Amino acid sequence: MKKFRLILCLFFCQFLLAQNDSASVSKPKLGVISVDKLNVVYRGIQNPISIAVPNAKSFTASGLGVTFSNGHYSISPGQGNEVVVTLEIILEDDTKVVEEQVFRIKNIPRPLGKINNRNCDNSYVTMDLTELKNAKISVHMEDFLFDWNFEVTNFVIKREKKPAIIVDGNTINEYTFNELNRIKKGDIITIAAIKYKVYPNINALWPNIPPILIIITD
């Protein structure tokens, strides 16, 4: 009888320990919310988000700036440093589960104009006349995690005490180069008013690009 009581006592203690262990362990999340191709969301644009909830009957996502259109979710964050996306999940047995995912918010980096892939912010680019021939103007964003393309559509070349030259496209064409042949060593020209398109076509207010300052060396 004593032996039976001892076994029963040990079994009851193990049951209590198991109950305490299971209560201290957090349940794993059922749903996975991820931002396409990056770990943050950018302010001022629609960030596509992907949501996967295996073995769920249905789910809905909500939060400030979260929208659902054409079968896809996206988020356009507002003020602050973080945004919370709430996921309401209905399981196969009609049980409802609510989960939250927090994303960091970043501002879109300021675009930088480049000539032949050269330029540093707030500094001069040194070039000779031969380098200007067929030189290409491009747009670049540092630490921008989306894989987007930026196409320059036109720009303006400014010279001291001379009329500005408006150039269509992204290249210093032959006509423009012939005009620039009249400048000499030590002259400064400025690539300004750079206009560009973004692909894919994103509905956003893109900032202006600072001018590119070029010193002619030869």
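Conventions used here
- One numbering rule holds for all chains: residues counted from 1, following each sequence as written.
- pLDDT decides what is reported in this predicted model: residues at 70 or higher carry local features, side-chain atom pairs at 80 or more are listed and counted, and totals for whole chains, interfaces and linings draw on all residues regardless.
- Side-chain measures here rest on the full set of heavy atoms in the structure, leaving out hydrogens and waters.
- Numbering of helices and strands starts at the N terminus; helices are DSSP runs of H or I of at least 4 residues and strands are runs of E of at least 2.
- In what follows, residue pairs with any heavy atoms lying within 4.5 Å of each other are defined as contacts.
- To be clear on the numbers: accessible area is Shrake-Rupley with a 1.4 Å probe, and residue cover counts the displayed protein chains and nothing else.
- What is meant by a nonpolar core is a set of buried Ala, Val, Leu, Ile, Met, Phe, Trp, Tyr and Cys residues, joined one to another through side-chain atoms within 4.5 Å.
- Summary of the burial criterion: residues with accessible area below 20% of their type's maximum are buried, those above 50% are exposed, and those between are partly exposed, where the area comes from a 1.4 Å probe applied to protein chains only.
- Whether two strands pair comes down to DSSP finding at least two bridges between them.
- Any N or O atom pair separated by 3.5 Å or less is treated as a polar contact, with the protein-specific requirement of one donor-capable and one acceptor-capable atom, and with residues adjacent in sequence counted only for side-chain atom pairs.
- Every case where a carboxyl oxygen of Asp or Glu lies within 4 Å of a side-chain nitrogen of Lys or Arg is listed as a salt bridge.
- Each residue carries a pLDDT value, the predictor's own confidence for that position, ranging from 0 to 100.

Caption draft 1: Structural detail: the overall build of the protein. Per the secondary structure count, the protein includes 3 helices and 15 strands. Look at the contacts in the protein between residues 6 or more apart in sequence, and 61% of them connect residues 24 or more apart. For the protein, the exposed area adds up to about 14,300 Å²; of that, 53% sits on carbon and sulfur atoms.

Caption draft 2: Molecular detail of the nonpolar core. Grouped together as the largest cluster of nonpolar side chains are 34 residues, with contacts concentrated most on I115, L132, F155, I157, I172, I194 and I214. Mapped onto this core, the elements with two or more residues apiece are β10 (124–127), α2 (129–132), β11 (137–140), β12 (149–159), β13 (162–168), α3 (174–180), β14 (188–199) and β15 (212–216). When residues in this core are grouped by element, the largest group, 5 residues, is from β14. Dropping the residues within four chain positions of it, L132 is found in contact with I115, M127, I172, F177, L180, I189, I214 and I216. In this structure, V53, A61, V85 and L87 belong to the second largest nonpolar core, which totals 15 residues.

Caption draft 3: Quick peek at the pairing of β12. The pairing of β12 with β14 spans 9 bridges and is classified as antiparallel. Looking at β14, one finds that K158 is bridged to T190. As paired elements, β12 and β13 share 5 bridges and run antiparallel to each other. Pairing of F155 across the sheet is with V167, part of β13. Connecting β12 to the antiparallel partner β13 that follows it, the hairpin turn spans 2 residues, and K161 within it adopts a positive phi of roughly 60°.

Caption draft 4: Region of the structure containing the environment of R159. By the element assignment, R159 lies in strand β12. Discounting residues that sit within four places of it in the chain, R159 has contacts with I165, E179, L180, I183, I188 and I189. Within the local environment of R159, its side chain forms a polar contact with the backbone oxygen of P163, the two atoms lying 2.8 Å apart.

Caption draft 5: Broad picture of the pairing of β14. Direction of pairing for β14 relative to β15: antiparallel, over a ladder of 4 bridges. In the strand pairing of β15, I188 is matched with I215.

Caption draft 6: View of the side chain of N119. Along the polypeptide, N119 turns up in the loop between β9 (112–115) and β10. A polar contact of 2.6 Å, which involves the side chain of N119, links it to the backbone oxygen of G113. If we ignore the near neighbours within four places in the chain, the residues touching N119 are L112, G113, K114, V125 and I212.

Caption draft 7: Geometry of the environment of N149. Inspection of the secondary structure assignment puts N149 in strand β12. Owing to a relative accessible area of 52%, N149 belongs among the exposed residues under this scheme. C-alpha separation for the pair N149 and V198, spaced 49 residues apart in sequence, amounts to 5.8 Å. Ignoring any residue separated from it by four or fewer positions in sequence, one finds N149 in contact with K197, V198 and Y199.

Caption draft 8: Layout of the pattern of salt bridges. Throughout the structure, instances matching the rule amount to 4 salt bridges. In this structure, the salt-bridge partner of K96 is E88, at a minimum N-O distance of 3.7 Å.

Caption draft 9: Highlighting the confidence of the model for the protein. Within the protein, residue pLDDT values average 80, and 80% of them lie at 70 or more. Summarising per-element confidence for the protein, the mean pLDDT is lowest in helix α1 (residues 2–24) (35) and highest in β9 (94). The low-confidence segment residues 1–26 (pLDDT under 50) makes 0 contacts with residues lying over four places distant or belonging to another chain.

Caption draft 10: View of the environment of T171. Looking at the secondary structure, you find T171 in the loop between β13 and α3. On a C-alpha basis, the gap between T171 and N154 in space is 8.7 Å, while along the polypeptide they are 17 residues apart. Not counting residues within four places of it along the chain, the set of residues in contact with T171 comprises N134, A135, K136 and F155. A polar side-chain atom of T171 sits 3.0 Å from a polar atom in the side chain of N170.

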